[in-house]
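Observations on the model geometry
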Amino acid sequence: MIFYISDLHIGHKAALRFDERPFADIQEMEHEIIRRWNERVTAEDDVYILGNVFYRYQGKPAEFLRQLSGRLHLITGNHDYCILKDEEALSCFVSVDRLKMITDNERHVVLCHYPLIVWNMKHFGSYHVYGHVHRNVGEEVLFMMKQEKAYNAGCMINGYVPCTLEELEQNNRIFQESVLG
């Protein structure tokens, strides 16, 4: 199975507040994300993390990453410098890319940390999965909400678990309805 998630921000205390994360502190957030992840993902699954795994994390990134089930793929974001400079952390990933095109159940999917206005084969029904925007609802996010087959993989709108493409579609629809009414 293929799963997607972004913007874990492990170690980022302020994310608890600005994302309205349901955790008492960063230690609980780290523990719960690992627990929820491993309840859902098996060793045979591929998980595409669309950037920003850590932010000001005080631990060793590889030690955290080794606790996550599945084959991990990183689509780099603006806060992934600590991984890119750490050979041990990099070794936890099957692949590391800035932009990647994959096939998920015969569907063409373009992966990028940042939302793209236009992506490869958009006009032929391809999907776009992105992160970066969290729960923001600025004009860029409102624009992306209008794009067919473009989904925010941010953990904060997806239950803090890796999701399938179908689950991203459903969760994005629920988030959009909560924003737009």
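Description of the structure in this document. Source: prediction; values computed, not measured. (Residues numbered from 1 in each chain as written. Predicted model: local features only at pLDDT ≥ 70, side-chain atom pairs only at ≥ 80, totals over all residues. Heavy atoms only, no water.)

A short note on the nonpolar core
Across soluble globular proteins, you tend to see nonpolar side chains buried next to one another. Judged by nonpolar contacts, the single largest core of 39 residues is most densely connected at Trp37, Ile49 and Leu65. Looking at this core, the elements that each hand over two or more residues are β1 (2-5), α2 (26-40), β2 (46-49), α3 (61-65), β3 (71-75) and α6 (139-145). With 4 residues, α2 is the largest single contributor of residues to this core. For Ile49, the residues in contact, after removing those within four places along its chain, are Ile5, Trp37, Leu72, His73, Leu74, Ile75 and Phe93. Grouped together as the second largest cluster of nonpolar side chains are 16 residues, Leu50, Val109, Tyr151 and Leu168 included. (Core = buried A, V, L, I, M, F, W, Y, C linked by side-chain atoms within 4.5 Å. Buried < 20%, exposed > 50% of the residue type's maximum accessible area, 1.4 Å probe, protein only. Helix = DSSP H or I, 4+ residues; strand = E, 2+ residues; numbered from the N terminus. Contact = heavy atoms within 4.5 Å.)

Quick look at the layout of surface pockets
Roughly 170 Å³ of internal volume is contained in the largest pocket. Those elements that place two or more of their residues in the lining of the largest pocket are α6, β8 (150-152) and α7 (165-180). The biggest single contributor to the lining of the largest pocket is α7, with 5 residues. When the residues that make up the lining of the largest pocket are grouped by side-chain class, the tally is 8 nonpolar, 4 polar and 2 charged. (1 Å grid on protein atoms, 1.4 Å probe; cavity = no way out; pocket = protein on both sides within 12 Å on 5 of 7 lines; lining within 4 Å. Points joined across faces, edges and corners; volume = space filled by probe spheres on them. Nonpolar A, V, L, I, M, F, W, Y, C, P; charged D, E, K, R; others polar.)

A look at the packing of aromatic side chains
Scanning all chains against the criterion turns up 6 aromatic pairs. Considering the side-chain rings of Tyr57 and Phe64, the 6.3 Å spacing of their centres and the 70° angle between planes classify their relative orientation as edge-to-face. Considered together, Tyr57 and Phe64 belong to a single accessibility category, that of buried residues. In textbook terms, an aromatic cluster arises when at least three aromatic residues are bridged by ring pairs, as seen for Phe54, Tyr57 and Phe64. Above the ring of Tyr127, the side-chain terminus of Arg107 is found at 5.8 Å from the ring centroid. (Phe/Tyr/Trp six-rings, centres within 6.5 Å; stacked < 30°, edge-to-face > 60°. Lys NZ or Arg CZ within 6 Å of the ring centre and 35° of its normal.)

Some points on unusual backbone geometry
For Asn52, which is not glycine, the phi dihedral falls at a positive 55°. On the secondary structure map, Asn52 appears in the loop between β2 and α3.

Some words on the side chain of Asp7
Mapped onto the elements of the fold, Asp7 is located in the loop between β1 and α1 (13-18). Within the buried set, Asp7 has no salt-bridge partner at all; the shortest N-O distance to an opposite charge, 6.7 Å, is to Arg21. Polar side-chain contacts of Asp7 include one of 2.7 Å to the backbone nitrogen of His132. Among residues more than four places away in sequence, those in contact with Asp7 are Arg21, Gly51, Asn52, His113, Gly131, His132, His134, Gly154, Cys155 and Met156. (Lys, Arg positive; Asp, Glu negative; His and termini not counted. Salt bridge = Lys/Arg side-chain N within 4 Å of Asp/Glu carboxyl O. Polar contact = N/O pair within 3.5 Å; in protein donor to acceptor, adjacent residues only side chain to side chain.)

Without other data, these values stay purely geometric and don't point to any function.
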